[in-house]
Amino acid sequence: MNGARDEQRQHLPGGPQRQGEDCPESGGENGSASSGRRTGSDLGFYTNSLATAACKQMIELRMQSDHQNSGGQLKVATKDAAQASDMGDWETGGATYQAGALEPTKGSLKGRGQEEVLVSGCLRLAGHHLLNTVPLPQVVDGIEVYGTKVHCKVTSRFAHNVVTTRAVNHADTAKEVSFNVELPKTAFITNFTLTIDGVTYPGNVKEKEVAKKQYEKAVSQGKTAGLVKASGRKLEKFTVSVNVAAGSKVTFELTYEELLKRHKGKYEMYLKVQPKQLVKHFEITADIFEPQGISTLDAEASFITNDLLSSALTKSFSGKKGHVSFKPSLDQQRSCPTCTDSLLKGDFIITYDVNRESPANVQIVNGYFVHFFAPQGLPVVPKNVVFVIDVSGSMHGRKMEQTKDALLKILEDVKEDDYLNFILFSGGVTTWKDTLVQATPENIQEARKFVMNIRDQGMTNINDALLKGISMLNKAREEYRVLERSTSIVIMLTDGDANVGESRPEKIQENVRNAIGGKFPLYNLGFGNNLNYNFLERMALENHGLARRIYEDSDANVQLQGFYEEVANPLLTDVEVEYPENAILDLTQNSYQHFYDGSEIVVAGRLADEDMNSFKADVKGHGAINDLTFTEELDMKEMEKALKERDYIFGNYIERLWAYLTIEQLLEKCKNAHGEEKENLTAQTLDLSLKYHFVTPLTSMVVTKPEDNENKTAIADKPGEGPADAEVIPSMAYLTNSQPPQTPYYVDGDPHFIIQVPEKDDAICFNIDEEPGTVLRLIQDPVTGLTVNGQIIGEKRSSLDSQTRKTYFGKLGIANAQMDFQIEVTPERITLWHGAAQSTFSWLDTVTVTEDGLSVTIDRKNMVVSFGDGVTFVVVLHQVWKKQPIHHDFLGFYVVDSHRMSAQTHGLLGQFFHPFDFKVSDVHPGSDPTKPDATMVVKNHRLTVTRGSQKDYRKDVSAGTKVACWFVHNNGQGLIDGVHSDYIVPSLF
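Here is a short report on the structure shown in this document. Computed from a predicted structure; not experimentally measured.

1. A look at the overall build of the protein
Part 1 of the reasoning: Scanning the protein from terminus to terminus reveals 15 helices and 60 strands.
Part 2 of the reasoning: Across the 989 residues in the protein, those meeting the buried criterion constitute 55%.
Part 3 of the reasoning: Counting only carbon and sulfur atoms, one obtains 47% of the accessible surface of the protein, whose full area is about 42,800 Å².

Written out as C-alpha cells, the structure reads:
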C-alpha cells in the first residue's frame, strides 16, 4: 500500500571473473551498486553453501568499492561453523574480513551499527551455489513498508474493518509516502489517523460544504488533496500521501464499516490486496461473531495458488465464533523465488453463512434492536417476467452477443410454472408474443430461436418499450392468464439514453410509475458507462426494484446471468414486518415486495421502552401456496444474560448497524424526493452521518497534516455510481392462536390412546403394541377427505421381551384429498405439500401458514393444524437427550375439535368422534394395589379394565398433566371396532 517507486536492481561493480562463472546481483540501501563512503559499518551476507575463493574475490571487490579502506568488518554468514572455518579470515586493503556461522532461525545478521546488504542471484562456483535466502525487507526509493494489517471484526453481519500500514524512511532526505486502500462501495469510512514519530493527526468528518471550503483553499494554493474515488465494480479507492522526514516512521490507519448483505446464501467480505512491495509483517485477520452460530466459513485469494494459500492461511469456526488469518512470509510474497516484487495483487474474499434452525433472529443491545429474516424450505413463487431489451445500434457487436448468450442461459433456468415474454426496442418496439406465455419446453425452444435471431438496429425508445411490458403484465393479471399466486417482474437492459419518442427522463419516470402503480418491481440494468445511470437507478428504486451496472468486459454475459439468478427464486411476496404498536421508534424499512431465496431481510429500530420485559415480531407474507406468518418473541432478561459473552462484540454495534441502515435507506429516498421532503431527508441523513462519524455523500473526511508538509489538508469524499455529480440466545417463540379447548381424543407416549368422554367426566385408554415401521390409520373421513396416519418407531436398543418393549409414533401423515394437501411430521421437520409444491419447516420455526380452509401454526415443539372452523389437530414434539442410550424423539397427536367431521369418520381415534356410552361396575383390588380393576360394558362387550392414568402434554411438554382413565387391555380389544390389525395400512399417505 505504499506508492514509492519500484526498486531498480543493478549489478555489482566489475572485476576479474573466471570464464563461465556468474556473480550474484546486489544492491545497496536503495538498490545502487555503491552508496558512497561509509565509516565503521559492518556488512552482512548469508549464504546457503560454502563460498569459494572466487566468491571471496567478489566480496573483496565489493568491499573495496563500498568502504574504501574504512576499517569496517565484513561478516560472511554460512549455514554452519564448519563452512565458516573453511572460509577463513583474510585482509584486503586494511579491512578485516571475518567468516562466521549464522543460525538459520535468526534470519540475518543484525546489530548496532550494522548495515544489511542482500546478495541476490546464484553463483556457480566449483559445483556450489550461493543463494540469497535472507528474508530482508524491501526498500523502495528509500521507503520500507514494514507492516500492513487488515483486521476485520464482524458482529451480527456488521463489519468493522481497520487497515493499518507502517513505514519508515531510510533515505537521507524527506520522502513522500502514499497510502492507498480500496474498500467496498457499500462501506462508509468512519475514521482515519496519521501518526508520524508518535504524533497523531486525526481525520474529522464534516459537512461536505464546510469541508469543500477547506478543499478549495488547498487547491487554490496549488496543493493536492486526498480523495476517495470509484475503483472498478465493487470498490472505492482511498488515497492520502504525506512527507516523511529522513529516519522517521509513519503509521496510517483507516477504519470503515459496512453491513454485510446476504447474496446467494452467503455473506461476503471483499478485500483488495495490493501492497506493491514485499512487506515484512503482512496480515489479514477476521474475527466473526454470529449469535445464530456459523454454518460455513471459507476464504479464497485470486492472486495465489491454493497450495500456497493453504500454507499461509488459517481458518476455523465453532459455534458462534469464526476466525480467518492470512499471514504470508516474505518468501511466500515473492512472485518468484529470487524476485523482489510481490505477488500479492488481487482479491481476498471471506465468505460465511449462519445456522438457520429458525427463520428469524432478533438481537437487542442498549435499547436498539436488529431483526434478521431468511426463511428456508419454502416453494418458489411462480414468476411472470417481461425482458425489455435494448437492440439499438449502440448494442452492436460484443454487447449484443453477450446479451443473447446471457438470455439463452437464463432460458435454461426458467421454471415451467413461470410465464415470460421478450420486448425489443430500438426506434420502435417489437414483441416476441402478443401476450405472456407459459415456459413450457416447446415455448422455451421457440424463445431460444427468437433470441438467437435478435439483431441490433436504430435508436433508443425506452418509454414505449417499458409501457408495453408493464401493460402486458397488468393485462395478464386482469384476464387471469397467469397463476393467482404468482408475482410479476420487469427486467430492462439498456446501454444508452432515450433519444426517440418520449426522451425526457422525468417524464419517462412518471409514466412508468403511473403504469406500474406499485404492483411489481422494475429492475434496470445499465450496460457500460455511456448512459444516465442515475435516471435508471431513480426509476428502479421508485418502483421497488434496483439498478445494476453491467460492466463492459469479457464476463458481461455472466454478470447479466448472475443478476437474474438473484431474482429467479422469490419465496415470499408482499412481506410485512410488524411490531407491537407504540413499542418501536425510528424503524428502518419494514415492508418488501419480494423475499428472494438466498437473500435476507434486515430491519432495525429503537425501543420506546428499554425496560420492557418481552419483545415480539411478526413477519407476514404471501407464499407460493399459502399465506405465512412467522413470529419471534424474546425474553429481555434472558437476552441480558446472553450479552455477557462480549469477546468479539465491539461496543454499540447494533446502534451503529441501525444508523448505517437508516442512512443507506434515507439516501435512496433522497434520490426521488423533491422540495421540502428532500430537504428534510437530507437534514436527517446529514445529522446521522455527523453523529456516527460516517463519510457519506453528504459529508467529507478532513485530514489535517503536519505543518511542515506541503499538502496540509486532504479531503475524503464518498463517490456515487453516476457521473461526477454479544452472545444472544435464540429468540423465544410463542403460539399465535388461542389455546385450544379441552382435548377429547389423543394418542401420546407408548402409544397410549386416550378417549375422553365429557358426559361421563371420565376417560378410557388403551395401547397398541405393534412392530416398529407399522403404519396405523388414526382418522379417515371419506366425506371431508381428511386422513391421519401414524408410523411406529421403537427404542434404540429394543428389548426381546414384548411385555417391556416400548414403541412410539415417530412419523405422522395428515392429508386432505379434496384440497390436494399433505403434511408429513417427524421429530426433525414438518413438510407441507400442496400438489407438487413443497414447503419445509423445522420445529424451531415460529410460523403460521394460511390459505382458504387451512391454517398451520408451528411454535417450537407444538404444531396446530386447522381445516376451517370445526377440525383442529395438535402435534406435540417430545425430545430426549441426544446421547440418551435407549429412547428416540417422538410425537404426540391430539384432536381438539372434530365437530365438522362426518358421521362416517373412522380409525383408531376417529371412530370415537361419535357419541358412545360405557358403564363401569364391580371395582375391586387388582394385581397392583394402587390400580384397582373393574368391569366395563361398552359396545356390547363386557371387559376387565384397570384404573390408571396417562398424561396430556399440550401445555407442558416436559411434565404433562395427569389424566385418570380406565385402561382396556389386549390392544383395545372389545373397545375398538374389529381388531387392531384392521387399522394397519401400507403407507403414510
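Having seen the structure, we can now continue with the description.
2. Brief notes about the packing of helix α8 (residues 462–478) against helix α9 (residues 505–516)
Part 1 of the reasoning: One way to put it is that α8 packs onto α9 with a least axis distance of 10 Å and a crossing angle of 5 degrees. Classified by the angle between their axes, α8 and α9 sit roughly parallel to one another. Only Ile508, Asn511, Val512, Ala515 and Ile516 of α9 make contact with α8, whose side of the interface consists of Ile462, Asn463, Leu466, Leu467, Ile470 and Asn474.
Part 2 of the reasoning: Across the contact of α8 with α9, the residue classes break down as 8 nonpolar, 3 polar and no charged.

3. Brief notes about helix α11 (residues 556–567)
Part 1 of the reasoning: Between the first and last C-alpha of α11 there are 18 Å, a value that for 12 residues agrees with the 16 Å anticipated at 1.5 Å per step.
Part 2 of the reasoning: For α11, a buried count of 10 out of 12 residues is recorded, marking the element as mostly surrounded by other parts of the structure.
Part 3 of the reasoning: Along α11, the residues classified as buried are Ala556, Asn557, Gln559, Leu560, Gln561, Gly562, Phe563, Tyr564, Glu566 and Val567.

4. A few points about unusual backbone geometry
Part 1 of the reasoning: Positive phi, close to 50 degrees, is recorded for Asp141, a residue that is not glycine.
Part 2 of the reasoning: Located in the positive-phi region is His544, a residue other than glycine, with phi close to 60 degrees.

5. Examining the environment of Met459
Part 1 of the reasoning: Tracing the sequence through the fold places Met459 in the loop between α7 (441–452) and α8.
Part 2 of the reasoning: Overall, Met459 belongs to the partly exposed group, its relative accessible area being 42%.
Part 3 of the reasoning: Taking the C-alpha atoms as reference points, Met459 and Asp390, separated by 69 residues in sequence, lie 9.2 Å from one another.
Part 4 of the reasoning: Setting aside chain neighbours within four positions, we find Met459 in contact with Ser392, Ser426, Gly427, Asn499 and Val500.

6. A word on the state of the cysteines
Part 1 of the reasoning: The full count for this structure, using the stated rule, is 2 disulfides.
Part 2 of the reasoning: Bridging Cys336 to Cys339, the disulfide has an S-S length of 1.8 Å. Taking the torsion about the sulfur-sulfur bond, which here is approximately 90 degrees, the covalent link between Cys336 and Cys339 counts as right-handed.
Part 3 of the reasoning: Take Cys336: its relative accessible area is 23%, and that puts it in the partly exposed class.
Part 4 of the reasoning: Bridging Cys765 to Cys965, the disulfide has an S-S length of 2.1 Å.

7. Some points on the pattern of salt bridges
Part 1 of the reasoning: Following the criterion strictly, the structure yields 30 salt bridges and no others.
Part 2 of the reasoning: Of the charged contacts, one joins Glu664 and Lys261 as a salt bridge, the two residues approaching to 3.1 Å between their closest N and O atoms. Highlighted residues: Glu664 in helix α13 (residues 653–670) and Lys261 in the loop between β17 (249–259) and β18 (262–263), separated in sequence by 403 residues.
Part 3 of the reasoning: Lys261 gets classed as partly exposed once you look at its relative accessible area, which sits at 40%.
Part 4 of the reasoning: For the salt bridge of Lys507 with Glu510, the shortest nitrogen-to-oxygen distance reads 3.8 Å. One end of the pair is Lys507 and the other is Glu510, both in helix α9 and 3 residues apart, which spans about a single turn.
Part 5 of the reasoning: Assessed through its relative accessible area of 27%, Lys507 is described here as partly exposed.
Part 6 of the reasoning: Where salt bridges share partners, they join Arg157, Arg262, Glu290, Asp353, Arg356 and Glu600 into one cluster.

8. Details of the sheet that holds strand β21 (residues 294–301)
Part 1 of the reasoning: Strand order in the open sheet formed by 4 strands is β18-β19-β24-β21, and the pairing between neighbours is antiparallel. Edge positions in the open sheet fall to β18 and β21, since each of these has one partner strand only.
Part 2 of the reasoning: As judged from the 7 bridges shared by β21 and strand β24 (residues 346–354), these two strands associate in the antiparallel manner. By the bridge assignment, Glu300 is partnered in β24 with Ile349.

9. Description of the sheet that holds strand β25 (residues 360–365)
Part 1 of the reasoning: The 4 strands lie next to each other as β25-β26-β37-β35, forming an open sheet whose pairing is antiparallel. Of all the strands in the sheet, just β25 and β35 (584–585) have a single pairing partner and so form its edges.
Part 2 of the reasoning: Relative to strand β26 (residues 368–373), β25 runs antiparallel, the two sharing 6 bridges. Bridging across to β26, Val365 finds its partner in Tyr368.
Part 3 of the reasoning: Against the sheet, α13 makes contact with β25, β26 and β37 (601–607), and its axis sits at roughly 70 degrees relative to β26, the strand it touches most.

10. Examining the packing of aromatic side chains
Part 1 of the reasoning: Applying the stated criterion to the full structure yields 34 aromatic pairs.
Part 2 of the reasoning: Each ring, one from Phe188 and one from Phe694, has its centre 5.4 Å from the other, and the planes form 50 degrees; the classification is tilted. Placement of the pair is Phe188 in strand β13 (residues 188–196) and Phe694 in the loop between α14 (675–691) and β40 (699–704), with a sequence separation of 506 residues.
Part 3 of the reasoning: The exposure class assigned to Phe694 is buried, which follows from its relative accessible area of 0%.
Part 4 of the reasoning: Geometrically, the ring pair formed by Phe387 and Phe422 is stacked, given 5.3 Å between the ring centres and 20 degrees between the ring planes. Residue Phe387 is found in strand β27 (residues 383–390), and its partner Phe422 is found in strand β28 (residues 419–425); the two are separated by 35 residues along the sequence. The burial state of Phe387 is the same as that of Phe422; both residues are buried.
Part 5 of the reasoning: Among the aromatic side chains, those forming a connected cluster through ring pairs are Phe387, Phe422, Trp432, Phe450 and Tyr564.
Part 6 of the reasoning: The aromatic ring of Phe527 is capped on one face by Lys399, whose charged end is 5.8 Å from the ring centroid.
Part 7 of the reasoning: Geometry around Tyr533 places Arg549 over its ring, the cationic atom sitting 4.6 Å from the centre.

11. Considering the side chain of Thr696
Part 1 of the reasoning: In this fold, Thr696 is placed in the loop between α14 and β40.
Part 2 of the reasoning: With relative accessibility at 0%, the residue Thr696 sits in the buried group.
Part 3 of the reasoning: Only 3.0 Å separates the side chain of Thr696 from the side chain of Ser689, close enough to count as a polar contact.

12. Overview of the nonpolar core
Part 1 of the reasoning: Within the largest apolar cluster, 84 residues are counted, with the highest numbers of intra-cluster contacts made by Phe615, Leu778, Ile779, Ile823, Met863 and Phe893.
Part 2 of the reasoning: Take this core: its biggest share by element is 4 residues, from strand β34 (residues 570–578).
Part 3 of the reasoning: In this structure, Ala187, Ile196, Ala301 and Leu343 belong to the second largest nonpolar core, which totals 56 residues.

13. Describing the pairing of β37
Part 1 of the reasoning: Most of β37 is tucked away, with 6 of its 7 residues classed as buried.
Part 2 of the reasoning: Where β26 meets β37, 6 bridges bridge the pair, whose relative direction is antiparallel. Pairing of Val370 across the sheet is with Ala604, part of β37.
Part 3 of the reasoning: Looking at chain direction, β35 and β37 are connected through 2 bridges and run antiparallel. Within the sheet, the bridge partner assigned to Leu585 lies in β37 and is Arg606.

Basis of the calculations
- Residues numbered from 1 in each chain as written.
- Predicted model: local features only at pLDDT ≥ 70, side-chain atom pairs only at ≥ 80, totals over all residues.
- Heavy atoms only, no water.
- Helix = DSSP H or I, 4+ residues; strand = E, 2+ residues; numbered from the N terminus.
- Buried < 20%, exposed > 50% of the residue type's maximum accessible area, 1.4 Å probe, protein only.
- Areas by Shrake-Rupley, 256 points an atom, 1.4 Å probe, with all protein chains shown as cover.
- Axes fitted to C-alpha atoms, helices over the stretch in contact; angles between N-to-C directions.
- Parallel < 35°, antiparallel > 145°, perpendicular 65-115°, else oblique.
- Contact = heavy atoms within 4.5 Å.
- Nonpolar A, V, L, I, M, F, W, Y, C, P; charged D, E, K, R; others polar.
- Expected span 1.5 Å × (residues − 1).
- Disulfide = S-S within 2.5 Å.
- Salt bridge = Lys/Arg side-chain N within 4 Å of Asp/Glu carboxyl O.
- Pairing = 2+ DSSP bridges.
- Phe/Tyr/Trp six-rings, centres within 6.5 Å; stacked < 30°, edge-to-face > 60°.
- Lys NZ or Arg CZ within 6 Å of the ring centre and 35° of its normal.
- Polar contact = N/O pair within 3.5 Å; in protein donor to acceptor, adjacent residues only side chain to side chain.
- Core = buried A, V, L, I, M, F, W, Y, C linked by side-chain atoms within 4.5 Å.

Read these as spatial facts, not as claims about activity.
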